[in-house]
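Structure assessment
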Amino acid sequence: MSQQVEEKQETKKASQENFNVFERTQQIFLTALQKLGYGEDVYELLKEPVRLLTVRIPVKMDDGSTKIFTGYRAQHNDAVGPTKGGIRFHPDVTEEEVKALSMWMSIKCGISDLPYGGGKGGIQCDPRSMSFGELERLSRGYVRAISQIVGPTKDIPAPDVFTNSQIMAWMMDEYSHIREFDSPGFITGKPLVLGGSAGRESSTAQGVTICIREAAKVAGINLEGAKVIIQGFGNAGSFLAKFMHDSGAKIVGISDAYGALYDAEGLDIDYLLDNRDSFGTVTTLFSTTISNKELLVQECDILVPAAIENQITEENAADIKAKIVVEAANGPTTLNATEILTDRGVLLVPDVLASSGGVIVSYFEWVQNNQGYYWTEEEVQAKLEKLLKASFHNVHCTSVEKKVDMRLSAYIVGIRRMAEAVKWRGWV
Ligand code: NAD
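Residues numbered from 1 in each chain as written. Predicted model: local features only at pLDDT ≥ 70, side-chain atom pairs only at ≥ 80, totals over all residues. Heavy atoms only, no water.

1. Regarding the packing of helix α7 (residues 203–219) against helix α8 (residues 235–246)
This is how it is decided: Axis geometry follows a simple rule: fit a line to the C-alpha atoms, using only the stretch in contact for helices, then measure angles between N-to-C directions, giving values from 0 to 180 degrees. Numbering of helices and strands runs from the N terminus; a helix is a DSSP stretch of H or I covering at least four residues, while a strand is a stretch of E covering at least two. We call two directions roughly parallel when the angle between them is under 35 degrees, roughly antiparallel when it is over 145, roughly perpendicular when it lies between 65 and 115, and oblique otherwise. The crossing is said to be left-handed when, going from far helix to near helix, the turn is anticlockwise and less than a right angle, and right-handed when the turn is clockwise. Residues count as neighbours in contact if any of their non-hydrogen atoms are within 4.5 Å of one another. Charged means Asp, Glu, Lys or Arg here, nonpolar means Ala, Val, Leu, Ile, Met, Phe, Trp, Tyr, Cys or Pro, and polar covers whatever is left, Gly included.
The interhelical angle for the contact between α7 and α8, taken along N-to-C directions, is 50°, at an axis separation of 8 Å. The angle between α7 and α8 places the two elements in the oblique class. Note that α7 runs across α8; the crossing there is right-handed. Residues Thr-204, Ala-205, Gln-206, Val-208, Thr-209 and Ile-212 of α7 form the contact with α8, whose own contacting residues are Ala-236, Phe-239, Leu-240, Phe-243 and Met-244. Grouping the amino acids of the contact of α7 with α8 by side-chain chemistry returns 8 nonpolar, 3 polar and no charged.

2. Thoughts on empty space enclosed by the protein
Formally: Put simply, the grid is 1 Å and covers the protein atoms alone, a cavity is a trapped set of points that fit a 1.4 Å probe, a pocket is an open set with protein on both sides within 12 Å along at least five of seven lines, and lining residues have an atom within 4 Å of a point. Grid points are joined across faces, edges and corners, and a volume is the space filled by probe spheres set on the points.
Counting across every chain of the model gives 1 cavity of 30 Å³ or more. Approximately 60 Å³ is the volume found for the largest cavity. For the lining of the largest cavity, the leading source of residues is helix α2 (residues 21–35), giving 4 residues. Its residues assigned to classes, the lining of the largest cavity comprises 5 nonpolar, 3 polar and 3 charged.

3. Comments concerning the domain arrangement of the protein chain
What counts here: Residue ranges assigned to each domain were obtained from an automatic or database domain assignment. Put simply, buried area is how much 1.4 Å-probe accessible surface two parts lose in total, over both of them, once they are put together. What counts as a salt bridge is simple: a side-chain nitrogen of Lys or Arg found within 4 Å of a carboxyl oxygen of Asp or Glu. Polar contacts here mean pairs of N or O atoms no more than 3.5 Å apart (in protein, one a potential hydrogen donor and the other a potential acceptor; neighbouring residues in sequence count only if both atoms are side-chain atoms).
The domain boundaries assigned to the protein chain delineate domain 1 (3–183) and domain 2 (203–354). With 26 residues of domain 1 at the contact, the number on the domain 2 side is 25 residues. Of the roughly 2,300 Å² buried where domain 1 meets domain 2, counting both sides, 53% is carbon and sulfur surface. Where domain 1 meets domain 2, there are 1 salt bridge. On the surface where domain 1 and domain 2 come into contact, there are 6 residue pairs in polar contact (both at pLDDT 80 or more). Looking at the side of domain 1 that touches domain 2, the elements with two or more residues in it are α1 (3–17), α2 and α4 (95–111).

4. A look at the sheet that holds strand β9 (residues 302–305)
Short version of the rule: Strands are labelled as partners when DSSP assigns at least two bridges between them.
Within the open sheet, the 6 strands sit side by side as β8-β7-β6-β9-β10-β11. Their pairing is mixed. Edge positions in the sheet fall to β8 (259–262) and β11 (347–349), since each of these pairs with one other strand and no more. Each strand axis lies, on average, 15° off the axis of its neighbour in the sheet, ignoring direction. Sheet strands in contact with α8 are β6 (227–231), β7 (250–256) and β9, and its direction is about 170° off that of β6.

5. A word on the packing of aromatic side chains
Under the convention used in this document: Here a Phe, Tyr or Trp ring, Trp counted by its six-membered ring, pairs with any other such ring whose centre lies within 6.5 Å, and the pair is stacked when the planes are under 30 degrees apart, edge-to-face when over 60, and tilted otherwise. Criterion for a charge above a ring: Arg CZ or Lys NZ at most 6 Å from the ring centre, at most 35 degrees from the ring normal.
Applying the stated rule across the entire model yields 11 aromatic pairs. Over the face of the ring belonging to Phe-22 we find Lys-99, whose NZ or CZ atom lies 4.5 Å from the ring centre. When the ring centre of Trp-375 is taken as origin, the NZ or CZ atom of Lys-383, which lies over that ring, is 4.6 Å away.

6. Considerations on a nonpolar patch on the surface
As a reminder, the rule being used: Nonpolar side chains (Val, Leu, Ile, Met, Phe, Trp, Tyr) are joined into patches within 5 Å and like charges within 9 Å, using only residues with over 30% relative accessible area and no salt bridge. Here the Shrake-Rupley method, with its probe set to 1.4 Å, supplies the accessible areas, and only the displayed protein chains count as covering residues. Burial classification: accessible surface area is computed with a 1.4 Å probe over protein chains only, and a residue below 20% of its type maximum counts as buried, one above 50% as exposed, and the rest as partly exposed.
Side chains of Tyr-271, Leu-285 and Phe-286 sit close together on the surface and give an oily, nonpolar patch of about 270 Å² of accessible area. Structurally, Phe-286 can be placed in the loop between α9 (269–275) and α10 (292–296). Here Phe-286 falls in the partly exposed class, since its relative accessible area comes to 31%.

7. Re the state of the cysteines
Rules: Here, the term disulfide refers to a pair of cysteine sulfur atoms separated by no more than 2.5 Å.
Inspection of the entire model under this criterion finds 0 disulfides. Sulfur of Cys-211: no disulfide; nearest cysteine sulfur belongs to Cys-397 and is 14 Å away. Cys-211 sits in the buried class, given a relative accessible area of 0%. Cys-300 takes part in no disulfide bond, and the closest cysteine sulfur, belonging to Cys-211, lies 17 Å away. Residue classification places Cys-300 among the buried residues on the basis of a relative accessible area of 4%.

8. Digging into helix α14 (residues 377–402)
The criterion, for reference: An expected span of 1.5 Å times one less than the residue number is assigned to each helix.
The end-to-end C-alpha distance of α14, which contains 26 residues, comes to 37 Å, matching closely the 38 Å that a straight helix rising 1.5 Å per residue would cover. Of all the residues in α14, the buried ones are Val-380, Leu-384, Leu-388, Ser-391, Phe-392, Val-395, His-396, Thr-398 and Ser-399. Two residues or fewer past α14, Lys-403 is found with a positive phi of approximately 55°.

So, in structure tokens, the structure goes:
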């Protein structure tokens, strides 16, 4: 059995043993709302997206055939403002996943007081096996299919797994054609020349770096020489590896969808960055690799899951050696595993906080598009640092005060404003 197939089966097993991501999200929404003293009525409204659109997108393939792709756009709740969240291109995209991801976006926006509710989109496809032209036709077809429910004051998409600034550019161009005026504020994560923000591409990793720094202070870990493992070497993982390496930490492990590399003495990060492909693949260049599963339990101080969901589960949580786990990926740790790690004294910085740098700078991009005045990278970074540091300490203090783990604390902080907004609007 190939390593990749082995990992796929492990992931499937882990997700079957635990709740699916959507049920997991509903459970924590319920607990957070109860802790805030809200009744069943607020939970009934917020327990799933107010809007979910399923679309079928016909795409002319290069061989002359037509292939029909299934896509989704979920809008969790727009009581606070327009919805916002990325678009994922992946073969495993499901309706349940997109719904859960839109709810997580609400929490991310709420934690940092961004004037948005959460949204998310996805298309079932494998962009690694598609040509540039096929990807462009799929991206434009998706925008045509969802154009009625999105827009700069309705729902603002962004990149996510296997989508990038080129795809955002095609989507913005298609939307502008439909509306018959230039609409840079329709989507974020665009190239700089089309109204992208300085610092957007590396913003998720910048945010994770800020959270690692603050978490290390809380846990009393010196980052100079600290051993770091990063699962995933795509947009989030590779920039993070660079930032941590540049700040003196030792990157001892990295991985991609095909396997993992581990060296207790530290990996040659510059070589890996220079040789990774645009899908974040690099381990295929090496003959000696370990599996992603093995990587997670190797010796380190800081573990950063930056790939996919359900990687730290009841099965391996007790074997994790890290003192800090910082979730760059969405949903890499199950609720049971969160409990096991917290009981063991591991400081877990949850996804909704750790990976919020992307949506924060996306918000900055949208603000700049709306005002037509652009900031320097230094200005963007300073604003991100100020906002995220405050958010980290707000979540950490709430966790200490309410004696709850960091994940529940993040949900309590993140859902509060939306719950208040639906009450003020008289929706419940
Ligand atoms: P990406 O597509 O750029 O990279 C994904 C990486 O994960 C690649 O290295 C890929 O090989 C690896 N991967 C894919 N399947 C895997 C598997 N089964 N096992 C191990 N590795 C696997 O994606 P990204 O933008 O870096 O996103 C990674 C995670 O971070 C996702 O959970 C995403 O939702 C989250 N995130 C990303 C952003 C962002 O701005 N990029 C923002 C917030 C959250």
